[in-house]
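Chain residues, written in single-letter form:
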Amino acid sequence: MIHLKIERKYMAHFLNAAFDSGTASYCRLGNDLEEYSPELSANVEKKNNILGQTSITIDSYQKQGEVAPYYAEKNDPLFEKLQAIIDGDLTLDDLKTDIVEVKLWGEASANAYPAIKEECYIEIVSYGGDTTGYQIPFNVHYTGVKTKGTFNISTKTFTAA
């Protein structure tokens, strides 16, 4: 049996730049990013009993991803929202949006691929940068509220299953 590795470009991440302000406006993360790997921090509880046995319980995950560097580009809806967060010192639900993970190696139907949409919050880490360009690195904090469905990469629309 031949095992084919899946190239990284086939796991796509689309962040909703409209946040909660109406019609979704999905932007694919990846320009200038060499890596995007959401990290899973598990809540692990270990107990030893008097028989010398260990039981392990994993009851939840806290997931987050780091988008760094992120270079600002004029007329990019994601840049405009990130700049609005900085300019307005936005907090709480003003930082709430969603991100869609699209499995481009999956079975497609009319340009729609298997996907999972997850609610998230955006945390701006800093802004400014060096001579390579204006940068706004940020973290994506996932809430665990997920919806399975499909994502059409041509129209950039998510459809719940």
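In this text, all values refer to a predicted model and were calculated from it rather than measured experimentally.

Student: How should I be thinking about unusual backbone geometry in this particular structure?
Tutor: Glycine aside, negative phi is the norm for most residues, and most peptide bonds take the trans geometry. Pro69 follows Ala68 through a cis peptide bond whose omega is 5°. As for its position among the elements, Pro69 is in the loop between strand S4 (54-67) and helix H1 (77-88). If you check the backbone angles, Asn75 has positive phi at about 65° while not being a glycine. Along the chain, Asn75 falls in the loop between S4 and H1. In this structure, Ala110 is a non-glycine residue whose phi angle is positive, near 55°. For Ala110, the position within the fold is in the loop between strand S5 (96-103) and strand S6 (112-124). Given a relative accessible area of 69%, Ala110 falls into the exposed group.

Student: Where do I start with a nonpolar patch on the surface in this structure?
Tutor: Among the surface-exposed residues, Leu40, Val44, Ile56, Ile58 and Tyr61 lie close enough to one another that they form a single nonpolar patch of about 510 Å² accessible area. Taken together, the elements giving at least two residues each to the nonpolar patch come down to strand S3 (39-48) and S4. Take the nonpolar patch: its biggest share by element is 3 residues, from S4.

Student: Would you explain the pattern of salt bridges in this entry?
Tutor: A side chain of one charge can pair with a side chain of the opposite charge if their charged atoms are brought near each other. As enumerated under the stated definition, the model contains 5 salt bridges in all. Put simply, Glu45 and Lys47 hold a salt bridge, and the shortest N to O gap is 3.3 Å. A relative accessible area of 40% means that Glu45 is categorised as partly exposed. For the salt bridge of Glu101 with Lys63, the shortest nitrogen-to-oxygen distance reads 3.8 Å. Of the two residues, Glu101 sits in strand S5 while Lys63 sits in strand S4, which places them 38 residues apart along the sequence. Note on accessibility: Glu101 and Lys63 belong to one class, buried.

Student: For this particular structure, what's the right way to read the side chain of Asn139?
Tutor: With respect to the helices and strands, Asn139 occurs in strand S7 (residues 138-152). Other than its neighbours up to four places away in sequence, Asn139 contacts Gln64, Gly65, Glu66, Tyr121, Ile122, Glu123 and Val125.

Student: Whenever I open this one, the nonpolar core confuses me. Can you help?
Tutor: Soluble globular proteins tend to bury their nonpolar side chains together. Membership of the largest hydrophobic core comes to 23 residues, with the highest contact counts inside it found for Leu29, Leu78, Leu82, Ile122, Phe138 and Val140. Broken down by secondary-structure element, the contributors of at least two residues to this core are H1, S6 and S7. Examining the composition of this core, we find that 5 residues originate from one element, H1, more than from any other. Aside from chain neighbours lying at most four places away, what touches Ile122 is Leu15, Phe19, Leu82, Ile85, Leu95, Thr97, Phe138, Asn139 and Val140. Ranked by size, the runner-up nonpolar core spans 10 residues in total, among them Ala12, Ala115, Phe151 and Phe158.

The rules behind each value
- Residues numbered from 1 in each chain as written.
- Predicted model: local features only at pLDDT ≥ 70, side-chain atom pairs only at ≥ 80, totals over all residues.
- Heavy atoms only, no water.
- Helix = DSSP H or I, 4+ residues; strand = E, 2+ residues; numbered from the N terminus.
- Buried < 20%, exposed > 50% of the residue type's maximum accessible area, 1.4 Å probe, protein only.
- Patch = residues over 30% accessible without salt bridge, like charges linked within 9 Å, V, L, I, M, F, W, Y side chains within 5 Å.
- Areas by Shrake-Rupley, 256 points an atom, 1.4 Å probe, with all protein chains shown as cover.
- Salt bridge = Lys/Arg side-chain N within 4 Å of Asp/Glu carboxyl O.
- Contact = heavy atoms within 4.5 Å.
- Core = buried A, V, L, I, M, F, W, Y, C linked by side-chain atoms within 4.5 Å.

On their own, these measurements won't tell you what the molecule is for.
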